[in-house]
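Spelled out, the chains give:
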Amino acid sequence: MALYSFNISLVSRGKGQFIVAADAYICGEKLRDNYEGKLHDRSYRDDVLHKELLLPVGAPNDFRNRQTFMDALNSAERRHDAQMARSLRLALPIELSLDAQVRIAKEFLEENFVAYGYCVDMAIHAGRQDAGKKPRSIPSLGTPQDNPHLHALIPLRKVDGHGFQRTKLESRTRDRLKQLKEWRKCWADLLNREFERQHLDVRVSHESLAAQGIHREPTIHLGAGPIALEAKNIQTDRGDHYREIISRNKERERNLSRSKNRFRFRGRSR
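Here we summarise the structure given alongside this text. (Residues numbered from 1 in each chain as written. Predicted model: local features only at pLDDT ≥ 70, side-chain atom pairs only at ≥ 80, totals over all residues. Heavy atoms only, no water.)

Helix and strand content of the protein chain: 7 helices and 9 strands. A buried classification covers 41% of the 270 residues belonging to the protein chain. Sequence-distant contacts, at least 24 apart, represent 68% of the contacts inside the protein chain between residues at least 6 apart. (Helix = DSSP H or I, 4+ residues; strand = E, 2+ residues; numbered from the N terminus. Buried < 20%, exposed > 50% of the residue type's maximum accessible area, 1.4 Å probe, protein only. Contact = heavy atoms within 4.5 Å.)

Shown next, in the form of structure tokens:
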């Protein structure tokens, strides 16, 4: 069953976050942060399936170099508490091939950000579960599946032929709840259109379970670390939280089943 997950946040120096560290992580590269004075080496990563810098028309050609791009962004943001970029993380359906995942990811990013003058650094991670090993069932968690996903960093400043612009005023207006809902819907529509094009009998919704009339509590993303510990029979806080949600959902299903059975029984009595 296709999963829908859309998470967006801000990378902010005021929260102790650094844009170069984030970019090195998602792209699996070695990048130097001249603002922080550190070298971030993530070149050992082997789960980055695709990475690409998406630039709007008129952006400086040297921005195609990731280190140059990061240096320019750090130089443009002088405040110690500057908000640097949007950080986007989207689940990618395992029902789609990598080529299809790349295509719809780029379509979404280009339509909603690049077309408006924003740069995007994107990467697709495999989200593999113990590559090369047969997945094994984890007590009370089931058998983990691969979790391919998209990471994208979108600087808050637009660019022109001279580089990053001096103001972020327009970017602030795009952080409203209405805009977020439009992005979420756009991503769901793109996925469903691709499912239909490939004749796949799956669909996703950007709406909450409650809005869809589904009386089930949404589960949480466990992450590679907790899954690895749970596989060794070491319980984690996230694993416990996950189990509690599953238990509550099963109880809801039992209560709903009892209610339906009582209704049918009363109907026959009449």
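Another aspect to go through is helix α2 (residues 66-76). Looking only at α2, the buried set comprises R66, F69, M70, L73 and N74. Down the axis, α2 shows its buried residues gathered within 130° of arc, on one side only. Of the residues that open α2, the one with a side-chain oxygen 3.0 Å from the backbone nitrogen of Q67 is N65. (Arc of directions from axis to C-beta. Polar contact = N/O pair within 3.5 Å; in protein donor to acceptor, adjacent residues only side chain to side chain.)

By definition, the strands of a sheet pair up through backbone hydrogen bonds, in either a parallel or an antiparallel sense. The 5 strands lie next to each other as β1-β5-β7-β6-β4, forming an open sheet whose pairing is antiparallel. Two strands lie at the open edges of the sheet, namely β1 (6-12) and β4 (48-54), each paired on one side alone. The sheet shows a mean angle of 15° between the axes of neighbouring strands, taken without regard to direction. Two strands pair when backbone bridges link them, and strand β6 (residues 120-125) and strand β7 (residues 149-155) are joined in this way by 5 bridges, in the antiparallel orientation. Note on β7: the bridge partner recorded for I124 is L150. Packed on one face of the sheet, helix α1 (residues 19-27) meets β1, β4, β5 (83-91), β6 and β7 and runs near 40° to β6. Each of β4, β5, β6 and β7 is contacted by α2, which is oriented at about 55° to β4, the strand it contacts most. (Pairing = 2+ DSSP bridges. Axes fitted to C-alpha atoms, helices over the stretch in contact; angles between N-to-C directions.)

An α-helix turns once every 3.6 residues. As a result, residues three or four positions apart point the same way. With 21 residues, helix α5 (residues 177-197) extends 30 Å between its outermost C-alpha atoms, agreeing within 8% with the 30 Å of an ideal straight helix rising 1.5 Å per residue. Every buried residue of α5 is listed here: Q179, W183, C186, W187, A188, L190, L191, N192, E194 and F195. Tucked into the core, α5 has its buried residues touching β1, β5 and α3 (98-112). Of the residues trailing α5, H199 is marked for its positive phi of about 60°. (Expected span 1.5 Å × (residues − 1).)

Of the strand pairs in this sheet, β1 and β5 are connected by 7 bridges, and their pairing is antiparallel. Among the inter-strand pairings, S9 is bridged to a residue of β5, identified as S87. Looking at chain direction, β5 and β7 are connected through 7 bridges and run antiparallel. By the bridge assignment, A91 is partnered in β7 with H149.

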